[in-house]
Every structure is written in structure tokens, then in C-alpha cells.
Amino acid sequence: MVIEALLECTGEEGTIMMPTQTWKNMDPESGVHWEEPKEWWQIIRDNWPAYDKEITPTNTMGSVAEMFRKWPGSIRSDHPVRSFAANGKNAEYLIKDHDLKDIFGESSPIGKLYELDGKVLLLGVGYDKNTAIHLADYRADYPSKKMSKESCAMFVDGKRKWVTYETIYVDGEDFEDIGAAFEENKDNVKNTEIGNCTARVMRVRDIVDFAVDWINKNRK
């Protein structure tokens, strides 16, 4: 019902995009397999299934995103950890060429959504789930900004490989603070109640530009 309503609202000229991340496809040392003993880590590295955008399920993205990735007309990006799915007029443009190292940056689906002047809908979730703010991580300049090495299972020339790549370190621990400051200006966000949840709508450019300035001033 949620997906059908969104598609009806956006129509033929609109596009919907959702994060369909599979972040458990990362090295156990990063903490994503916290429930498994350390002696299993190498077994996970050797045997975790390679990402397949057609069948690999999402990790804690919610039932809506999990259903949306296989919805008729939806297409999913190739990133083995930080994928997005999109459906509609600009779907192919948004998700194509999702570079392994640029998970949320300028060439990523989020960067393209900013370029197209898209909007963020937070439906029953807080700013800690506002993936668009990660674009600000790339653009801001702060003392703790750093690169990190991530590893995952993916197909290379049709064969499963355990691949290591370098990308910016992100965690989103201050996103709720950014959101609270952003909403001090009531014109930035449109809020309404739908069922048992609060829906928030904002322009990607507004929240990202605000977050860049906030991070530059507050993040250590």
C-alpha cells in the first residue's frame, strides 16, 4: 500500500528512490557481525555470498524498501554494500555507475538526487535514517574526516571475490542533532501525520547544504 501510494503521487514524470543497503556484506572486523565469535571471521570472509542485485536482500532497511527493490519497474545499483533502488522516469540515471569507492558522494545516487533537486521523505523514521546527509560528509571539512578501507564479497568477471576498497568513513552519529537544528526553521520541512507515524518532506539541497555548514562548525 505504501509503495502504491508513492507511485500514484509521483506519477509518470516522477521517480522514487530508496536505500537498499546490504552492509552486512562488510568485513567482520568492522563490527557488522557483532553476534559472531572472532574465530568465525575468516570463515565469513571466505564464504559470505557475493552481492547479486537481483536476489541479495536488504539489511535492516525495512519491509517497504525490501519489497520495493523487486517491485515491477524497479532497478537497483551495483554497489555491493550501499546500493539504492529506483523506479520511474529518472531511475536509470540515478542508480547507474554507482562507483565502489563513492558510496554517498558526488557520483552516487545521492549526489545525483541533489543534482536533480529531489526531495527526502522520512516516513516514520528520524534523521538518523536520512541517508542524504551522508553527501554532506563528503562535502564538509572537519578534523575527524578520514578514509577507511572496506571489504566485501562481490562478483568480478563472473567469479566471487573478496574485494577491499577505500572510501570515506561515515557513521551518522550526529544526524539527529543536525535534523533538530535544521527543523528550528519551520520553513525547511513539511510535517504531517500519516497513520501512526510522522512524515517529513524536505529538499535534498536544503538539508545537505545545511548539514555541510553545521558539520563544519560542530563536528570535531
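How each quantity is defined
- Residues numbered from 1 in each chain as written.
- Predicted model: local features only at pLDDT ≥ 70, side-chain atom pairs only at ≥ 80, totals over all residues.
- Heavy atoms only, no water.
- Helix = DSSP H or I, 4+ residues; strand = E, 2+ residues; numbered from the N terminus.
- Rg over C-alpha atoms; globule rule 2.2 N^0.38 Å.
- Buried < 20%, exposed > 50% of the residue type's maximum accessible area, 1.4 Å probe, protein only.
- Contact = heavy atoms within 4.5 Å.
- Areas by Shrake-Rupley, 256 points an atom, 1.4 Å probe, with all protein chains shown as cover.
- Lys, Arg positive; Asp, Glu negative; His and termini not counted.
- Charge placed at Lys NZ, Arg CZ, Asp CG, Glu CD.
- Pairing = 2+ DSSP bridges.
- Axes fitted to C-alpha atoms, helices over the stretch in contact; angles between N-to-C directions.
- Polar contact = N/O pair within 3.5 Å; in protein donor to acceptor, adjacent residues only side chain to side chain.

A. Quick look at the overall build of the chain. Helix and strand content of the chain: eight helices and eight strands. At 18 Å, the chain has a C-alpha radius of gyration in line with the 17 Å of a compact globule built from 220 residues. Residue burial in the chain is summarised as follows: out of 220 residues, 46% are buried. Residue pairs in contact within the chain that sit at least 24 positions apart in sequence constitute 62% of those at least 6 positions apart. Accessible area of the chain: about 12200 Å², with a carbon and sulfur share of 51%. Taken together, the 29 basic and 39 acidic charged side chains of the chain have centroids lying 3 Å from each other.

B. Just the sheet that holds strand β3 (residues 84–88), in detail. If you trace the three strands from one edge of the open sheet to the other, you get β1-β3-β2, paired in antiparallel fashion. Each of the sheet's edge strands pairs with one partner strand only, and the pair in question is β1 (15–19) and β2 (75–76). By the bridge criterion, five bridges tie β1 to β3 in an arrangement that is antiparallel. By the bridge assignment for β3, M17 is matched with A86. Where helix α1 (residues 2–10) meets the sheet, it contacts β1 and β3, and its direction lies at approximately 140° from that of β1.

C. Summary view of the side chain of S108. Inspection of the secondary structure puts S108 in the loop between α4 (91–95) and α5 (109–115). A polar contact is formed between the side chain of S108 and the backbone oxygen of G105, at a distance of 2.6 Å. Ignoring any residue separated from it by four or fewer positions in sequence, one finds S108 in contact with H98, D102 and I103.

Any link to function would need more than the numbers given here.
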